[in-house]
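Observations on the model geometry
The lines below spell out each chain.
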Amino acid sequence: GAVVSQHPSWVICKSGTSVKIECRSLDFQATTMFWYRQFPKQSLMLMATSNEGSKATYEQGVEKDKFLINHASLTLSTLTVTSAHPEDSSFYICSAGPSGGAVTGELFFGEGSRLTVL
Amino acid sequence: AQSVAQPEDQVNVAEGNPLTVKCTYSVSGNPYLFWYVQYPNRGLQFLLKYITGDNLVKGSYGFEAEFNKSQTSFHLKKPSALVSDSALYFCAVRARSGGSYIPTFGRGTSLIVHP
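Report on the accompanying structure. (Residues numbered from 1 in each chain as written. Chains lettered and ligands numbered in written order. Predicted model: local features only at pLDDT ≥ 70, side-chain atom pairs only at ≥ 80, totals over all residues. Heavy atoms only, no water.)

Some points on the overall build of chain B
Counting its secondary structure elements, chain B contains zero helices and 12 strands. N-terminal to C-terminal, the α/β element order of chain B is β-β-β-β-β-β-β-β-β-β-β-β. In terms of C-alpha radius of gyration, chain B reaches 14 Å, essentially the compact-globule figure of 13 Å for 115 residues. By its C-alpha atoms, chain B is 45 × 30 × 20 Å across when sized along the principal axes. Intrachain contacts of chain B at a sequence separation of at least 6 include 58% that bridge at least 24 residues. A total accessible area of about 5,300 Å² is found for chain B, and carbon and sulfur atoms account for 49% of it. (Helix = DSSP H or I, 4+ residues; strand = E, 2+ residues; numbered from the N terminus. Rg over C-alpha atoms; globule rule 2.2 N^0.38 Å. Contact = heavy atoms within 4.5 Å. Areas by Shrake-Rupley, 256 points an atom, 1.4 Å probe, with all protein chains shown as cover.)

Below, the structure is given as structure tokens:
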């Protein structure tokens, strides 16, 4: 299957600092990527849809200025957690599909990034 | 709007026994249904999908799922469970019309296979 790489896998930062998470599609082009947040033993919460060359579409309740998403190329989307606080500690997962976002296509997920804010 | 329900938080089964993880969906248009598996501290992996055609879909690791339009269900099954199947399983739905191409995930079901 297609490969989505996410980096870093683990990050620990101090409160007030910013953290950038990268999501790369390694063997396909992704015009659309999805960013999720997952709390322990809970489902995926869609944060935003990242669109190459345009602004991301954020879900209701997700702060745009807090979670900056940039999709500058067809293979890279980044999520920056700005001025991180302990409540931002979570597991963040990105996903993309090689079928250009076709509705019949399955998604491929990054390995996730565990963020711990001290 | 579209939705997915996974009614069981956890399913316990003995190794070698058949397993079923339940999923029901709600969408106005034709549903496209997916199952994913997540191992601890990992991203999700695609297992199988139903788009059209045969109601019984076969996927990775010996899993299969049956699409039932009248019951709006897409239960995941495996004839003989392995301890290594223990993981978190997610059902998801996408729709071309009457719904959203953005996948909607169920809350997940933790499958525990006992030796």
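Some points on the packing of aromatic side chains
Tallied over the full model, the rule gives 13 aromatic pairs over all chains. Where F109(A) meets F105(B), the ring centres are 6.1 Å apart and the plane angle is 75°; that geometry is what we call edge-to-face. Taken as a pair, F109(A) in strand β10 (residues 108-109) and F105(B) in strand β11 (residues 104-105) lie in two separate chains rather than in one. Here F109(A) and F105(B) have matching classes, each one buried. The structure contains a cluster of three or more aromatic residues connected by ring pairs, namely F34(A), Y36(A), F109(A), F34(B), Y36(B), F46(B), F90(B) and F105(B). (Phe/Tyr/Trp six-rings, centres within 6.5 Å; stacked < 30°, edge-to-face > 60°. Buried < 20%, exposed > 50% of the residue type's maximum accessible area, 1.4 Å probe, protein only.)

So, the nonpolar core
One finds W35(B), L47(B), L48(B), F74(B), L76(B) and Y89(B) to be the most contacted residues of the largest nonpolar core, which totals 28 residues. At five residues, the largest contribution of residues to this core is made by strand β10 (residues 87-95) of chain B. Apart from the residues lying within four places of it in its own chain, the contact partners of F74(B) are C23(B), L33(B), F34(B), W35(B), L48(B), K49(B), Y50(B), A65(B), E66(B) and F67(B). Residues I21(A), A48(A), I69(A) and L79(A) belong to the second largest nonpolar core, which totals 27 residues. (Core = buried A, V, L, I, M, F, W, Y, C linked by side-chain atoms within 4.5 Å.)

What about the sheet that holds strand β1 (residues 4-7) of chain A?
Residues and elements named next belong to chain A. Strand order in this open sheet of four strands is β1-β3-β8-β7, and the pairing throughout is antiparallel. If you trace the sheet from one side to the other, it starts and ends with β1 and β7 (67-73), each paired once. Neighbour-to-neighbour, the strand axes of the sheet open up by a mean angle of 15°, direction not taken into account. By the bridge criterion, four bridges tie β1 to strand β3 (residues 19-25) in an arrangement that is antiparallel. Its bridge partner lying in β3, V4 is registered against S25. (Pairing = 2+ DSSP bridges. Axes fitted to C-alpha atoms, helices over the stretch in contact; angles between N-to-C directions.)

Quick word on the state of the cysteines
All names here are of chain A. The full count for this structure, using the stated rule, is two disulfides over all chains. Disulfide pairing is shown between C23 and C94; the S-S distance is 2.0 Å. The sign of the S-S torsion, about 80°, decides the handedness of the disulfide formed by C23 and C94: right-handed. Placement of C23 in strand β3 and of C94 in strand β9 (residues 90-96) is noted, with a sequence separation of 71 residues between them. (Disulfide = S-S within 2.5 Å.)

Re the environment of R42(B)
Locating R42(B) in the fold gives a position in the loop between β5 (31-38) and β6 (44-50). When the C-alpha positions of R42(B) and F74(B) are compared, they lie 24 Å apart, and in sequence the two are 32 residues distant. Contacts of R42(B), omitting those with residues within four sequence positions, involve F91(A) and E111(A).

As for the pattern of salt bridges
Using the criterion set out here, one finds eight salt bridges over all chains in the structure. Where E106(A) meets K49(B), a salt bridge forms, and the shortest distance between an N and an O atom there is 2.7 Å. One end of the pair, E106(A), is in the loop between β9 and β10; the other, K49(B), is in strand β6, on a second chain. The exposure class of K49(B) is partly exposed, given its relative accessible area of 28%. Residues R42(B) and E111(A) are paired through a salt bridge, measuring 2.2 Å at the closest nitrogen-oxygen approach. Remark: E111(A) occurs in the loop between β10 and β11 (113-117) and R42(B) occurs in the loop between β5 and β6; the pair is interchain, linking two chains. (Salt bridge = Lys/Arg side-chain N within 4 Å of Asp/Glu carboxyl O.)

Let's talk about the pairing of β5(B)
Residues and elements named next belong to chain B. Here β5 lies mainly inside the structure; eight of its eight residues are buried. Taking every second residue as pointing to the same face, both faces of β5 are buried, with P31, L33, W35 and V37 on one and Y32, F34, Y36 and Q38 on the other. Of the strand pairs in this sheet, β5 and β10 are connected by eight bridges, and their pairing is antiparallel. From the neighbouring strand, P31 faces β10, where its bridge partner is A95. Here β5 pairs with β6 via six bridges, running antiparallel. Residue pairing for β6: W35 is matched across the bridge by L48. Linking two consecutive strands that pair antiparallel, namely β5 and β6, is a turn of five residues; a positive phi of about 55° is found at N41 within it.

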